[in-house]
Amino acid sequence: MNGLEQDAIVERLDQIIRQSAPDVETLRKYGGTLYTLKPDEKEVQFCGLFQYKDHVQLAFSNGAALKDPNQVLIGTGKFRRHINFSNLQQIDPNIIGGLIESAVAYSLS
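A brief structural summary. Every value quoted in this text rests on a predicted model; they were computed, and no experiment measured them. (Residues numbered from 1 in each chain as written. Predicted model: local features only at pLDDT ≥ 70, side-chain atom pairs only at ≥ 80, totals over all residues. Heavy atoms only, no water.)

With that settled, the discussion passes to helix H1 (residues 3-20). For H1, built from 18 residues, the straight-helix expectation of 26 Å at 1.5 Å per residue is met to within 8% by its first-to-last C-alpha distance of 26 Å. Where H1 is concerned, the buried positions are Gln6, Ile9, Leu13, Asp14, Ile16, Ile17 and Ser20. Burial along H1 is one-sided: seen end-on, the buried residues are contained in an arc of 165°. More than 90 degrees from the buried face of H1, the exposed residues found are Leu4, Glu11 and Gln19. Residues of H1 that are buried sit in contact with strand S2 (32-36), strand S3 (45-51), strand S4 (56-60), strand S5 (81-85) and helix H2 (93-108). Two or three places before leucine 4, at the start of H1, stands the capping residue asparagine 2, its side-chain oxygen 2.9 Å from that residue's backbone nitrogen. (Helix = DSSP H or I, 4+ residues; strand = E, 2+ residues; numbered from the N terminus. Expected span 1.5 Å × (residues − 1). Buried < 20%, exposed > 50% of the residue type's maximum accessible area, 1.4 Å probe, protein only. Arc of directions from axis to C-beta. Contact = heavy atoms within 4.5 Å. Polar contact = N/O pair within 3.5 Å; in protein donor to acceptor, adjacent residues only side chain to side chain.)

This is how it looks when you write it as structure tokens:
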């Protein structure tokens, strides 16, 4: 996967996140971009985008608590779940948007 492909995936995911959570703010941290509604409160960081050699990862801070009717979230940790993307065609805006909305609601509860 080349840098242009990764950038296109990041750009598309960023668009979906911002459409689903218009008041979102970003923080550069842990080698990626974290999305939050309250930058001063770590608990309200609901997802992040991270670039790896072969994929871009959309990670959800409390992914284990989210409803995942399409079973796209992977991971076995106590809290986090993620989705790896290696091409633009894997991105379904409806599925990702729904997960973002759920993640935002959970982080604010």
